[in-house]
Amino acid sequence: MIIDPEYCEFDPASQRLTVSLGLAPEGGFQVRLRSWNEGGGVEHKEEGRWTRNDDAFDSPIVSDDVCDLEPTHPVRAYHDALPADVTKVLRQFSSLQCRLLHVVGQFPESAEMAGSAPILFWLASNMLGSAPSRADVRRLYTRRRVSILESFCAASSRSRLKFLSKIREFSYSLKDLELLRRILNDGEFLKKVRHNRQINWPVLKVFYTQRYVMDLGCAKDCLAVESCRDAFRYLYKVCRDIRDIRMMCKMLECENPERQVLAMKSAFQIRNLHDKIARDLSKRERETIIAHYGENFPPSPLKETKDIEYISNVGDLLEEGLVMRHCVGEFVYQALRGDVFIYRAHAPERATMAVQRSSDGTFRIEQVKLYRNGKASVETWDILRRWFISQ
C-alpha cells in the first residue's frame, strides 16, 4: 500500500518523512521516518512528543510501485534520499523495511547477511524490540547464525540453517512468521522435506497445513519445482481426483483405496484409478436409469454428418461425460424426454454440443463444451452454427 501524498510530507532539509492519518496533528496518528543519516527507524508522536517505535509503521518505502511514483511524491522523495545499495537490500523484503533500514543504518555489515541469508536477516529484526539501540543491533547481528536462529525457535541447528537457505519465494509476511517458527520446531516434518534441493515456500505451507498432501507419493517433487503455479495446478488436479474417488466410493458403498492412492508415484496412476471407479459408477447408474426409463433417446431432429454425431442412448451419453471429463451426463433425463439432444463433434476440435428444444418447438444450441468444460474456439462455433442453420 502506498501512502497518498496528502497524508505525508518529506522535508528535504532533515530528509525525514512524516505520515499523518486521521485528525493529526490534532489527535490522530502521526509517525516520522528518520533519515538515513540518523540511522533510520520510526518515531511515533504521543502527547506532543516523538518517541522511537519501529512497530508504529510498516508500509513499503522501497518497491517497484514506489519507483513508479512521481519524483515529487513524498514517499518517492524519501526513497531517493536513501543510498542505492541500501534500497537494493530492502527491495527483496515486503514488510519490516523501516526496521531493516534501521538495522543496516546502525550496523552496515549486516547487509552481507541480507544477501547470503535473507530470511534469517529478516526474522532477526523481529527480535530487536520496538526501539533498539546501535548496541542492540550490533549485539544481535554479530552473533553466530545458529545462535540467532536459536533465539527465534527452540530447536536450532546447522541443518535448520541449511533448510532456511533452500526456501524460495518466501513471503516475508508477518502472518507467516509464526508458521515458520512452528515448522522449524517440528523435527519430524523437517526430516521429510529438508533433503529437497530447493523448497518453495507456498508449496511448503500447503504440505505443513494439509499433511495428507505431503503424504502423497506423487506430490513430493512439487516442493522443488521452478514454478509454484505449475505445482499448485498439479496438486489441484490430483486432490480433485482424490476427492472424486472418495465420493464415488461412498456412492458405490465400497472401500476407499486410500493407502493405494498414497503409494502411487504419479498423477496418471491416480487418474487411471479415478476413471476405473467412475466407469463402475456409470455402469450402475446406467443400469438403474435403463431399468426405469429405457435406454434409447428420441430420434435426432437434426441431420448428422461425418463430424457431428448424435448421441442416441443412455450408455453413450454417460460415456461421453467420462471421456470428456464434464457433466453432460446430467442431461440424461432431459434427453430421455426429448427436451435436449446431445451431439458429439469430432472436428475442428473434439467437443460436446447440447441442442435445446424450446416450448414453441424450435431448437437452439444451448452449449458447446470441450474436454474438462473447456471453451470452444470461434472456428468450432462457426462450423456448428452453419450446420445448425442448414437444417
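Residues numbered from 1 in each chain as written. Predicted model: local features only at pLDDT ≥ 70, side-chain atom pairs only at ≥ 80, totals over all residues. Heavy atoms only, no water.

Let's shift gears to the overall build of the protein chain. Secondary structure summary: the protein chain contains 19 helices and 11 strands in total. A compact globule built from 391 residues should have a C-alpha radius of gyration of about 21 Å, whereas the protein chain, at 31 Å, is more than 25% larger. Overall, the C-alpha framework of the protein chain stretches about 85 × 50 × 35 Å when taken along its three principal axes. Expressed as a percentage of its 391 residues, the buried residues of the protein chain come to 46%. Excluding contacts between residues fewer than 6 apart, the proportion of contacts in the protein chain whose partners are at least 24 apart in sequence is 56%. For the protein chain, the exposed area adds up to about 20,700 Å²; of that, 49% sits on carbon and sulfur atoms. (Helix = DSSP H or I, 4+ residues; strand = E, 2+ residues; numbered from the N terminus. Rg over C-alpha atoms; globule rule 2.2 N^0.38 Å. Buried < 20%, exposed > 50% of the residue type's maximum accessible area, 1.4 Å probe, protein only. Contact = heavy atoms within 4.5 Å. Areas by Shrake-Rupley, 256 points an atom, 1.4 Å probe, with all protein chains shown as cover.)

Here we have four strands laid out as an open sheet, ordered β8-β9-β10-β11, and antiparallel in their pairing. Looking along the sheet, the strands with just one partner apiece sit at the ends: β8 (308-310) and β11 (363-369). For this sheet, the mean inter-axis angle between neighbouring strands, taken without regard to orientation, is 30 degrees. Summarising the sheet, strand β10 (residues 351-357) and β11 pair through six bridges and their orientation is antiparallel. In the strand pairing of β11, A354 is matched with Q367. The sheet strands contacting helix α17 (residues 314-324) are β9 (340-345), β10 and β11, and the helix crosses β10 at an angle near 135 degrees. (Pairing = 2+ DSSP bridges. Axes fitted to C-alpha atoms, helices over the stretch in contact; angles between N-to-C directions.)

As a further point, take the nonpolar core. Grouped together as the largest cluster of nonpolar side chains are 92 residues, with contacts concentrated most on F121, Y141 and L180. The element contributing the most residues to this core is helix α14 (residues 228-252), with 10 residues. Excluding its chain neighbours within four sequence positions, the residues that come into contact with F121 are V89, F93, L100, V103, V104, S110, M113, A114 and Y141. (Core = buried A, V, L, I, M, F, W, Y, C linked by side-chain atoms within 4.5 Å.)

Relative to the helices and strands, Q367 resides in strand β11. Along the chain, Q367 and P12 lie 355 residues apart, while their C-alpha atoms are 64 Å from each other. In contact with Q367, other than residues within four places in its own chain, are F331, T352, M353 and A354.

Let's shift gears to the sheet that holds strand β3 (residues 29-33). If you walk across this open sheet you meet the five strands as β1-β2-β3-β4-β5, and the pairing is antiparallel. Unpaired on one side and paired on the other, β1 (8-11) and β5 (49-52) mark the two borders of the sheet. Shown here is a sheet whose adjacent strand axes are inclined to one another by a mean of 25 degrees, direction ignored. Sheet topology places β3 next to strand β4 (residues 42-46); three bridges connect them, and they run antiparallel. What sits directly across from R32, in β4, is E43.

In this structure the tally under the stated criterion is 14 aromatic pairs. Plain terms: the ring middles of W122 and Y172 are 5.6 Å apart, the flat faces sit at 75 degrees to each other, and that makes the pair edge-to-face. Here W122 is found in helix α6 (residues 118-125), whereas its partner Y172 is found in the loop between β6 (167-168) and α10 (177-185), with 50 residues between them in sequence. Of the residues examined, W122 reaches a relative accessible area of 0% and is grouped as buried. Given the relative accessible area of 8%, Y172 is considered buried. Relative to W201, the ring of F170 lies with its centre 4.8 Å away and its plane at 65 degrees, an arrangement referred to as edge-to-face. In this pair, F170 is assigned in the loop between β6 and α10 and W201 in helix α12 (residues 201-209), connecting sequence segments 31 residues apart. Comparing F170 with W201 shows no difference in burial state: the two are buried. What links up through ring pairs into an aromatic cluster is the set F93, F121, W122, Y141, F170, Y172 and W201. Over the aromatic face of F152 sits the side chain of R181, whose NZ or CZ is 4.3 Å from the ring centroid. (Phe/Tyr/Trp six-rings, centres within 6.5 Å; stacked < 30°, edge-to-face > 60°. Lys NZ or Arg CZ within 6 Å of the ring centre and 35° of its normal.)

For the rest of this paragraph, the subject is the state of the cysteines. Overall, the coordinates contain zero disulfides when judged by the stated rule. With no disulfide of its own, C8 has C98 as its nearest cysteine by sulfur position, at a separation of 12 Å. In this structure C249 is a free cysteine whose sulfur lies 3.8 Å from that of C254, the closest cysteine sulfur available. (Disulfide = S-S within 2.5 Å.)

Looking along the chain, the bond that leaves A347 and enters P348 is cis, with omega of 0 degrees. Position of P348 among the secondary structure elements: in the loop between β9 and β10. Positive phi, normally seen in glycine, also occurs at L96, with a value near 60 degrees. For L96, the location among the structural elements is in the loop between α3 (84-91) and α4 (97-106). Positive phi, close to 55 degrees, is recorded for E253, a residue that is not glycine. With respect to the helices and strands, the residue E253 is situated in the loop between α14 and α15 (258-263). On the accessibility criterion, E253 (73% relative accessible area) is exposed.

The next subject is the pattern of salt bridges. The full count for this structure, using the stated rule, is 24 salt bridges. A salt bridge links R271 to D275; its shortest N-O distance comes to 2.6 Å. On the criterion of helical spacing, the pair formed by R271 and D275 is a turn pair, its members being four residues apart in helix α16 (residues 267-293). For R271, a relative accessible area of 11% corresponds to the buried category. One salt-bridge network, held together by shared partners, links D241, R271, D275 and R325. (Salt bridge = Lys/Arg side-chain N within 4 Å of Asp/Glu carboxyl O.)

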